[in-house]
Amino acid sequence: MKTDLTDTTASKINKALVKGRRAIGTPAVGMVLTLVIVTDEENAYDALKAANDASREHPSRTLVVIKRVSRSPRDRTQSRLDAEVRVGADAGTGETVVLRLYGEVADHAQSVVLPLLLPDAPVVVWWPVDAPLDPAGDPLGALAQRRVTDTYSSEQPVRELTARAGTYKPGDTDLSWTRITPWRSMLAAALDQVSVEVKAVEVEGEEYNPSCELLAMWLADRLDVPVRRSLSSGPGLTAVRMETSHGPITLDRADGSLATLSIDGQPDRAVALKRRETAELIAEELRRLDPDDTYASALRFGVHRLNVSNGHADTVEKPKEPEEPEQPEQPVAASLETSPDVEAASDVEGAPEGPPAKGEPADGEAPAQAPAPEAAQPPALKPVPSGLSGKAAK
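Residues numbered from 1 in each chain as written. Predicted model: local features only at pLDDT ≥ 70, side-chain atom pairs only at ≥ 80, totals over all residues. Heavy atoms only, no water.

A. View of the overall build of the protein chain. On a plain count of helices and strands, the protein chain comes out with 12 helices and 14 strands. In the protein chain, once contacts between residues fewer than 6 apart in sequence are set aside, the share between residues at least 24 apart is 70%. Surface exposure of the protein chain reaches about 21,300 Å², of which carbon and sulfur atoms provide 50%. (Helix = DSSP H or I, 4+ residues; strand = E, 2+ residues; numbered from the N terminus. Contact = heavy atoms within 4.5 Å. Areas by Shrake-Rupley, 256 points an atom, 1.4 Å probe, with all protein chains shown as cover.)

Spelled out as structure tokens, the structure:
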């Protein structure tokens, strides 16, 4: 059942929902959460279809927020709210309200959404595209316990991962992280089968694929080993190779559906590792509404720390090696004062004034040593100080 409302209000939308439930014979509300989808007109259909499929596992009230831009400047000054209410078979197992916001009301979407939230039920906000860099700081994101983004849809996924790490708040998650759940499960199961020490890891996949970067950061964070990121033609993640103390462990998926798990000393095994649809990803995220600490730890590891020689030691730029300590100047000065022959030769031949270069003795000669007291060693028998050579030493 569908009900179209033009230039409406949140109160009229709630009345239309109650009327629709009574019309189909289900006046009771049996939904477990409110899913708010913030998208544009182009991606609204695919996002709503995925949400309806996920509602078969999680019955929910789905609110689709579409911010429209009026064609003429005069229309942009007029605020209007249009709504499409769907209940019954047209809304999966829950309820769907498509909200189209025009004019200034588009800047205050949270005021429209707030009266439509299910009472005493968790709220999840999902941005299929154009997600804010700080989801928790967004007015709509502030209403939710769980905020779902998709870095894969951004123009610069790897750079956006870095920005997400700086603005992370408990409850944030990413569908790029959800996509690698089967990979993480399979790799953990492979390491449970054998007792080995992992020395290095290589993650192979498409360029600018945030799922590949997140898997590499998760492995580097958990195993504390060097992780190298290599490129392939895809699709998505293609292989993970681990160098261990008892031979290599490889999980290779070249076609995007069937993978091969190879463990040294064991026969190869075929593993179902297909690329999942968006509906499956959303359904997985709706299963848990608590903060994902594992995702937070992997995200904060940082893309810049991959492809280095050491996973945790190279978090910052390596400091320069300290210079050799400066040799004391007093021994040379004392030697020049007690050796009149050398002092005279230096004046005649134009030897440079002052001590030798700091910390750098002359080639082929030992560093200057502190002279003994005059009573113990006559001046005529003193050695030539370092830094003086050639005619000056004769």
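B. Looking closely at the pattern of salt bridges. Overall, the coordinates contain 20 salt bridges when judged by the stated rule. When the shortest N-O distance is used, the salt bridge between Glu285 and Arg146 registers 3.0 Å. Taken together, the residues span a long stretch of sequence, with Glu285 in helix α9 (residues 278-286) and Arg146 in strand β7 (residues 146-149) at a distance of 139 residues. Note on Arg146: relative accessible area 0%, which makes it buried. Taken together, the salt bridges that share partners define one network made up of Glu41, Arg68, Glu84, Arg86 and Arg100. (Salt bridge = Lys/Arg side-chain N within 4 Å of Asp/Glu carboxyl O. Buried < 20%, exposed > 50% of the residue type's maximum accessible area, 1.4 Å probe, protein only.)

C. The arrangement of the sheet that holds strand β5 (residues 95-102) in detail. The sheet built from eight strands is open, its strands ordered β1-β4-β5-β3-β2-β6-β7-β8 with mixed pairing. The open sheet is flanked by β1 (2-5) and β8 (172-174), the only strands paired with a single partner. Each neighbouring strand pair of the sheet contributes to a mean axis angle of 15°, computed without reference to strand direction. In this sheet, strand β3 (residues 60-67) lies alongside strand β2 (residues 33-39) in parallel orientation, the contact comprising seven bridges. Bridging across to β3, Val38 finds its partner in Val65. (Pairing = 2+ DSSP bridges. Axes fitted to C-alpha atoms, helices over the stretch in contact; angles between N-to-C directions.)

D. Spatial organisation of helix α5 (residues 157-167). What α5 keeps buried is the set Pro157, Glu160, Leu161 and Arg164. Buried positions in α5, seen along its axis, are confined to an arc of 110° and lie on one side of it. Residues of α5 that are exposed and point more than 90 degrees away from the buried face comprise Arg159, Thr162 and Gly166. The elements touched by buried residues of α5 are β7, α8 (210-223) and α10 (293-301). (Arc of directions from axis to C-beta.)

E. Fine view of the nonpolar core. Val201, Val203, Leu214, Leu215, Leu219, Val227 and Val240 are the most contacted members of the largest nonpolar core, which totals 38 residues. Sorting the residues of this core by element identifies α7 (181-193), β9 (198-205), α8, β11 (237-244), β12 (247-252), β13 (258-263) and α10 as the ones contributing at least two each. What Val203 contacts, discounting residues up to four positions off in sequence, is Cys212, Leu215, Ala216, Leu219, Val227, Arg228, Arg229, Ser230, Leu237 and Ala239. In this structure, Leu5, Leu81, Val125 and Ala144 belong to the second largest nonpolar core, which totals 29 residues. (Core = buried A, V, L, I, M, F, W, Y, C linked by side-chain atoms within 4.5 Å.)

F. Structural context of the packing of aromatic side chains. For the structure on display, the rule yields two aromatic pairs. For the ring pair Tyr168 and Tyr295, a centre distance of 6.0 Å and an interplane angle of 65° mean the geometry is edge-to-face. Of the two residues, Tyr168 is situated in the loop between α5 and β8 and Tyr295 in helix α10; the sequence distance between them amounts to 127 residues. Classification of Tyr295 by relative accessible area gives buried; the value is 1%. Consider the rings of Trp177 and Tyr295, whose centres lie 5.6 Å apart with planes at 55°: the pair is tilted. Pair noted here: Trp177 is in helix α6 (residues 175-178) and Tyr295 is in helix α10, with a separation of 118 residues, a long-range link. (Phe/Tyr/Trp six-rings, centres within 6.5 Å; stacked < 30°, edge-to-face > 60°.)

G. How the structure looks around the pairing of β5. Among the eight residues in β5, seven count as buried, and that is most of the element. Sheet analysis places strand β4 (residues 80-87) next to β5, joined by eight bridges and oriented antiparallel. The residue of β5 that forms the bridge with Ala83 is Leu99.

H. The arrangement of the environment of Gly171 in detail. Residue placement: Gly171 occurs in the loop between α5 and β8. For the pair Gly171 and Val124, spaced 47 residues apart in sequence, the C-alpha separation works out to 9.4 Å. Setting aside chain neighbours within four positions, we find Gly171 in contact with Gln145, Arg146, Arg147 and Pro291.

I. Structural detail: the sheet that holds strand β14 (residues 269-272). With mixed pairing, six strands are arranged side by side in an open sheet as β10-β9-β11-β12-β13-β14. For this open sheet the edge positions go to β10 (227-231) and β14, each flanked by a neighbour on one side alone. The average angle at which neighbouring strand axes cross in this sheet is 20°, direction not considered. Summarising the sheet, β9 and β11 pair through seven bridges and their orientation is antiparallel. From the neighbouring strand, Val198 faces β11, where its bridge partner is Thr244. The strands touched by α7 within the sheet are β9, β11, β12, β13 and β14, with β11 carrying the most contacts at an inclination of about 25°. The strands touched by α8 are β9, β10 and β11; relative to β9, the strand with the most contacts, the crossing angle is about 175°.

J. Focus on the packing of α7 against α8. The interhelical angle for the contact between α7 and α8, taken along N-to-C directions, is 35°, at an axis separation of 11 Å. Between α7 and α8 lies a crossing whose hand is right-handed. Mapping the contact onto sequence places Trp183, Arg184, Leu187 and Leu191 in α7 and Leu215, Trp218, Leu219 and Leu223 in α8. Along the lines of polarity and charge, the residues of the contact of α7 with α8 split into seven nonpolar, no polar and one charged. (Left-handed = near helix turned anticlockwise from the far one by under 90°. Nonpolar A, V, L, I, M, F, W, Y, C, P; charged D, E, K, R; others polar.)

K. Spotlight on the confidence of the model for the protein chain. Mean pLDDT over the protein chain stands at 79; residues scoring 70 or higher make up 75%. Taken as a whole, residues 309-394 scores under 50 in pLDDT and shows 58 contacts with residues more than four places along the chain or in a different chain. (pLDDT = per-residue confidence, 0-100.)

L. Broad picture of the pairing of β11. The buried fraction of β11 amounts to six of the eight residues, a majority that puts the element mostly inside the structure. Relative to β12, β11 runs antiparallel, the two being bridged by six bridges. Bridge pairing in β12 links Glu243 to Pro248. A loop of two residues connects β11 with β12, the two strands running antiparallel in sequence.

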